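# Structural characterization, general
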Amino acid sequence: MGTFVLRVSIKRLRDQFDALNYLVRKKGCTALLIMDESAHNITHQLAEYSVYGSIRLLVRENSYLGKMERYLSIPKMRSTPVSPEMSIFEITSEGIKIRESGGGNLVE
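Residues numbered from 1 in each chain as written. Predicted model: local features only at pLDDT ≥ 70, side-chain atom pairs only at ≥ 80, totals over all residues. Heavy atoms only, no water.

## A closer look at the pattern of salt bridges
This model, assessed by the stated rule, comprises 4 salt bridges. Close ionic contact of Glu 94 with Lys 97 constitutes a salt bridge, the shortest N to O distance being 3.5 Å. Residue classification places Lys 97 among the buried positions, given a relative accessible area of 17%. (Salt bridge = Lys/Arg side-chain N within 4 Å of Asp/Glu carboxyl O. Buried < 20%, exposed > 50% of the residue type's maximum accessible area, 1.4 Å probe, protein only.)

## What to know about the pairing of strand β4 (residues 95–99)
Side chains on a regular strand alternate between the two faces of the sheet. Judged from the 4 bridges that link them, strand β3 (residues 87–92) and β4 form a sheet pairing that is antiparallel. Paired with Ile 91 across the two strands is Ile 96, which belongs to β4. The turn linking β3 back onto β4 is made up of 2 residues. (Pairing = 2+ DSSP bridges. Helix = DSSP H or I, 4+ residues; strand = E, 2+ residues; numbered from the N terminus.)

## A short note on helix α2 (residues 10–26)
The end-to-end C-alpha distance of α2, which contains 17 residues, comes to 24 Å, matching closely the 24 Å that a straight helix rising 1.5 Å per residue would cover. Those residues of α2 that sit buried are Leu 13, Phe 17 and Asn 21. Looking down the long axis of α2, one finds its buried residues gathered within 60 degrees of arc, a one-sided arrangement. Seen from the buried face of α2, the exposed residues on the opposite side, beyond 90 degrees, are Lys 11, Leu 23 and Lys 26. Once α2 ends, the next one or two residues include Gly 28, with phi positive near 75 degrees. (Expected span 1.5 Å × (residues − 1). Arc of directions from axis to C-beta.)

## Comments concerning a nonpolar patch on the surface
Among the surface-exposed residues, Ile 55, Leu 57, Met 77 and Val 82 lie close enough to one another that they form a single nonpolar patch of about 340 Å² accessible area. Its location among the elements puts Ile 55 in strand β1 (residues 53–62). (Patch = residues over 30% accessible without salt bridge, like charges linked within 9 Å, V, L, I, M, F, W, Y side chains within 5 Å. Areas by Shrake-Rupley, 256 points an atom, 1.4 Å probe, with all protein chains shown as cover.)

## Observations regarding the packing of aromatic side chains
Evaluation of the coordinates by the stated rule reveals 0 aromatic pairs. The ring of Tyr 71 is capped by Arg 60, whose NZ or CZ atom sits 4.4 Å from the centre of that ring. Positioned above the aromatic ring of Tyr 52, the side-chain terminus of Arg 78 is 5.2 Å from the ring centre. (Phe/Tyr/Trp six-rings, centres within 6.5 Å; stacked < 30°, edge-to-face > 60°. Lys NZ or Arg CZ within 6 Å of the ring centre and 35° of its normal.)

## Focus: unusual backbone geometry
Even without a glycine there, the phi angle at Ser 79 is positive, about 60 degrees. As for its placement among the helices and strands, Ser 79 is situated in the loop between β2 (67–77) and β3.

Purely geometric numbers; function is a separate question.
Below is the structure:
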């Protein structure tokens, strides 16, 4: 979605994004739309108003451990109780493992 938002006005983007969400819902499908952080900020977080859920991923350095870590947060998920806390996740040969909130064990 990132490059698409650079060529349209905010109003047109909102109209098209809402129409896309409506069509996906009408067909009974689930869609995963990916938008980079720059596009998300340029559009004033517009996409987050239209969707049922939002998942944010980021990578940053853990200065205490001296290594990069992947983080996941779910700021919005309608009709589902989800903690807004960031969780560390790892991509392994067995799949994605998410560390429980509070620094606990990795769960699959």
